[in-house]
Amino acid sequence: MTEEKRQRHKERMQQRKEIVDAGIARAQEDKGVFIVLSGDGKGKSSSGFGTALRALGHGYKVGVVQFIKGAWECGERNMLEHMPDVEFHVMGTGFTWETQDDEKDKQAAAQVWAKAKTMLQNPELHLVLFDEMTYALNYKWLDKQDVLDAIANRPEQQSVIITGRGAKKYLQDACDTYSEIKAVKHAFQAGIKAQKGIEW
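Residues numbered from 1 in each chain as written. Predicted model: local features only at pLDDT ≥ 70, side-chain atom pairs only at ≥ 80, totals over all residues. Heavy atoms only, no water.

Asks: Honestly, the overall build of the chain in this entry has me stumped. Any pointers?
Replies: Along the chain, the regular secondary structure elements total eight helices and six strands. Mapped from its N terminus to its C terminus, the chain presents α and β elements in the order α-β-α-β-α-β-α-α-β-α-α-β-α-β. Counting all 200 residues of the chain, 37% fall into the buried class. Counting contacts in the chain only where the partners sit at least 6 residues apart, residues at least 24 apart contribute 75% of the total. Summing over all exposed atoms, the chain offers an accessible surface of approximately 12,400 Å²; the carbon and sulfur share of this is 50%. (Helix = DSSP H or I, 4+ residues; strand = E, 2+ residues; numbered from the N terminus. Buried < 20%, exposed > 50% of the residue type's maximum accessible area, 1.4 Å probe, protein only. Contact = heavy atoms within 4.5 Å. Areas by Shrake-Rupley, 256 points an atom, 1.4 Å probe, with all protein chains shown as cover.)

And the structure:
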């Protein structure tokens, strides 16, 4: 690299640093955030559980509620459910196309939502993860306004993550951070079965 290229690179990086520093200087509010992870690609729950592990790594307490999943073994539950700083609840009925019983699913969602609401009132929980909650909302097992109000009225420093496909606009509008994971390619489409430790 010539001296001229080095200098140009240094100038570009200095300009970028000034932009980043200005953004950091503007972001002075200190409070928990509401995050929604949606889209049709793989990685929504993985991202949510990764953030839960990050919070635990900093010594924080975490709450987890799994909607939809729970009728079978999954690695994240095996790992987190027995940790002392994790409160973990599972709806337990599995996917609605497996149960084929809307009333049973609605009752199970209401029961686990009652536990979830207590998490949203507990200032000791730094992070609360509602895995696959979009399904429970989209199937109208839960009242969306009840959910939005409970999240809005949570302790100030508590963060909340909702994962799942098909997040409606009201969730996008209410949250602080919204990410959509796009499906470009998936092994399952090529006939490769779901892998233990990768998909669950």
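Back to the write-up after that little detour.
Asks: How should I be thinking about the nonpolar core in this particular structure?
Replies: Soluble globular proteins tend to bury their nonpolar side chains together. With 32 residues, the main nonpolar core has Phe67, Trp113, Phe130, Met133, Leu142 and Leu171 as its most contacted residues. Only strand E1 (34-38), helix H5 (102-119), strand E4 (125-131), helix H6 (133-138), helix H7 (144-152), strand E5 (159-163) and helix H8 (169-174) provide two or more residues apiece to this core. When residues of this core are assigned to their parent elements, the largest contribution, six residues, is made by H5. Excluding its chain neighbours within four sequence positions, the residues that come into contact with leucine 171 are Phe34, Val36, Thr134, Leu137, Leu148 and Ile162. Among the nonpolar cores identified, the runner-up in size contains 14 residues, and Phe49, Val64, Leu129 and Ile161 belong to it. (Core = buried A, V, L, I, M, F, W, Y, C linked by side-chain atoms within 4.5 Å.)

Asks: Explain the sheet that holds E5 to me, please; I cannot follow it from the model alone.
Replies: Note on sheets: strands pair through backbone hydrogen bonds, and any given pair is parallel or antiparallel. Within the open sheet, the six strands sit side by side as E3-E2-E4-E5-E1-E6. Their pairing is parallel. Lying at the two open borders of the sheet, with one neighbouring strand each, are strand E3 (86-90) and strand E6 (177-180). Within the sheet, the average angular offset between the axes of one strand and its neighbour, ignoring direction, is 10 degrees. Bridge count between E1 and E5: four bridges; the pairing is parallel. Its bridge partner being in E5, isoleucine 35 is matched across the sheet by isoleucine 161. (Pairing = 2+ DSSP bridges. Axes fitted to C-alpha atoms, helices over the stretch in contact; angles between N-to-C directions.)

Asks: Honestly, unusual backbone geometry in this entry has me stumped. Any pointers?
Replies: Glycine aside, negative phi is the norm for most residues, and most peptide bonds take the trans geometry. Of note in the backbone geometry, glutamate 132 takes a positive phi value of approximately 65 degrees without being a glycine. Residue glutamate 132 is classed as buried on the basis of its relative accessible area, which comes to 9%. Of note in this structure, lysine 140 is not a glycine but carries a positive phi near 60 degrees. Assignment of secondary structure puts lysine 140 in the loop between H6 and H7. Classification of lysine 140 as exposed rests on a relative accessible area of 63%.

Asks: Which parts of the structure should I look at to understand the pattern of salt bridges?
Replies: Where charged atoms from two side chains of opposite charge approach closely, those side chains can pair. Tallied over the full model, the rule gives four salt bridges. Where aspartate 146 meets lysine 117, a salt bridge forms, and the shortest distance between an N and an O atom there is 3.1 Å. Here aspartate 146 is found in helix H7, whereas its partner lysine 117 is found in helix H5, with 29 residues between them in sequence. (Salt bridge = Lys/Arg side-chain N within 4 Å of Asp/Glu carboxyl O.)

Asks: Can you help me understand the pairing of E1 in this one?
Replies: Remark: a regular strand shows side chains that alternate across the two faces of the sheet. Burial analysis of E1 places five of its five residues in the buried class, which makes it a mostly covered element. Here E1 shows no split at all, with Phe34, Val36 and Ser38 on one side and Ile35 and Leu37 on the other all buried. Bridge count for E1 against E6 is four bridges, and the pairing is parallel. Directly across from valine 36, in E6, lies its bridge partner tyrosine 178.

Asks: Would you take a moment to explain the packing of aromatic side chains for this structure?
Replies: Geometrically, a pair of aromatic rings is defined through the distance of the ring centres and the angle of the planes. Under the counting rule described, the total for this entry stands at three aromatic pairs. For the pair phenylalanine 67 and phenylalanine 130, a centre-to-centre distance of 6.3 Å together with 80 degrees between the ring planes defines the contact as edge-to-face. Of the two residues, phenylalanine 67 sits in the loop between strand E2 (61-66) and helix H3 (75-80) while phenylalanine 130 sits in strand E4, which places them 63 residues apart along the sequence. As far as the burial class goes, phenylalanine 67 and phenylalanine 130 line up, both buried. Between tryptophan 113 and phenylalanine 130, the aromatic rings sit 6.1 Å apart at their centres with planes inclined by 70 degrees, giving edge-to-face as the arrangement. A residue pair is termed long-range when its members are at least 10 positions apart, and tryptophan 113 in helix H5 and phenylalanine 130 in strand E4 qualify at 17 residues. Assigned by exposure class, tryptophan 113 and phenylalanine 130 land together as buried. What links up through ring pairs into an aromatic cluster is the set Phe67, Trp113 and Phe130. (Phe/Tyr/Trp six-rings, centres within 6.5 Å; stacked < 30°, edge-to-face > 60°.)

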